[in-house]
Amino acid sequence: MSTGVSAGLTEPLPRWLRRGLRASVFELRDLGRSKAFPALLSLGVPGGPRLVWSIPTAPTDTALRAELVAALLLRARAVTGTPVCWLTRSGHPSWHELDALWLPAARMAYDEAGVPLIWVSVTRCAWWDPRSDLDRHWKRPRVR
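Remember, predicted model here, so these are calculated numbers, not experimental data.

Engineer: Help me out: how do you make sense of the nonpolar core in this one?
Structural biologist: Nonpolar side chains in soluble globular proteins tend to end up buried together. Of all hydrophobic cores here, the largest spans 22 residues; its most connected members are Leu 41, Leu 43, Val 69, Cys 85, Trp 102, Tyr 110 and Trp 119. At the level of secondary structure, the elements contributing two or more residues to this core comprise strand S1 (39–44), helix H2 (62–80), strand S3 (84–88) and helix H3 (97–113). Per-element tally for this core: the top contributor is H3, with seven residues. When neighbours within four sequence positions are excluded, Tyr 110 is seen to be in contact with Leu 43, Val 69, Leu 73, Pro 83, Val 84, Cys 85, Val 115, Pro 116 and Leu 117. Of all hydrophobic cores here, the second largest spans 14 residues; its members include Leu 21, Leu 28, Phe 37 and Val 84.

Engineer: Looking at this structure, I do not really get H3. What am I missing?
Structural biologist: Given 3.6 residues to a turn, an α-helix orients residues that are three or four positions apart in the same direction. The end-to-end C-alpha distance of H3, which contains 17 residues, comes to 25 Å, matching closely the 24 Å that a straight helix rising 1.5 Å per residue would cover. Summarising the contacts, the buried residues of H3 are in contact with S1, strand S2 (50–55), H2, S3, strand S4 (119–122) and strand S5 (126–128). Among the residues trailing H3, Gly 114 stands out with phi positive, at a value near 70°.

Engineer: Can you help me understand the environment of Ala 105 in this one?
Structural biologist: Its place among the elements puts Ala 105 in helix H3. What makes Ala 105 buried here is its relative accessible area of 0%. Ala 105 sits 42 residues away from Ala 63 along the chain, and the two C-alpha atoms are 6.9 Å apart. Among residues more than four places away in sequence, those in contact with Ala 105 are Thr 62, Arg 65, Ala 66 and Val 69.

Analysis parameters
- Residues numbered from 1 in each chain as written.
- Predicted model: local features only at pLDDT ≥ 70, side-chain atom pairs only at ≥ 80, totals over all residues.
- Heavy atoms only, no water.
- Core = buried A, V, L, I, M, F, W, Y, C linked by side-chain atoms within 4.5 Å.
- Buried < 20%, exposed > 50% of the residue type's maximum accessible area, 1.4 Å probe, protein only.
- Helix = DSSP H or I, 4+ residues; strand = E, 2+ residues; numbered from the N terminus.
- Contact = heavy atoms within 4.5 Å.
- Expected span 1.5 Å × (residues − 1).

Structure, rendered in structure tokens:
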């Protein structure tokens, strides 16, 4: 059985993905200076149409998180084809507790659907793929 899971992002990124991920960083930066904001799980096209789930507290069960991702995936596929899954969160573009909770759930949901997983964590100054360690940082993100 094919897992549907890739080893993560590799260069060169498709233009739509590179621009969309940059737009996602800028959207987060535009929320203001407050360091506190809810973590969001998004499925869709970065910088474009997507479904968003606010994560005030993560369900403690991996299977429940996987069911949440699967439900979002089912709806997002109807709109975007193969949706990207990204976690918008505070902190640094490095391994984080929320990555450890949601990445396995996303893998389970995408595997079950037979869809290749593109997973990225987005912070105020960067995006990061924890599987390949590919990232992009901006000291002061500015709209071009």
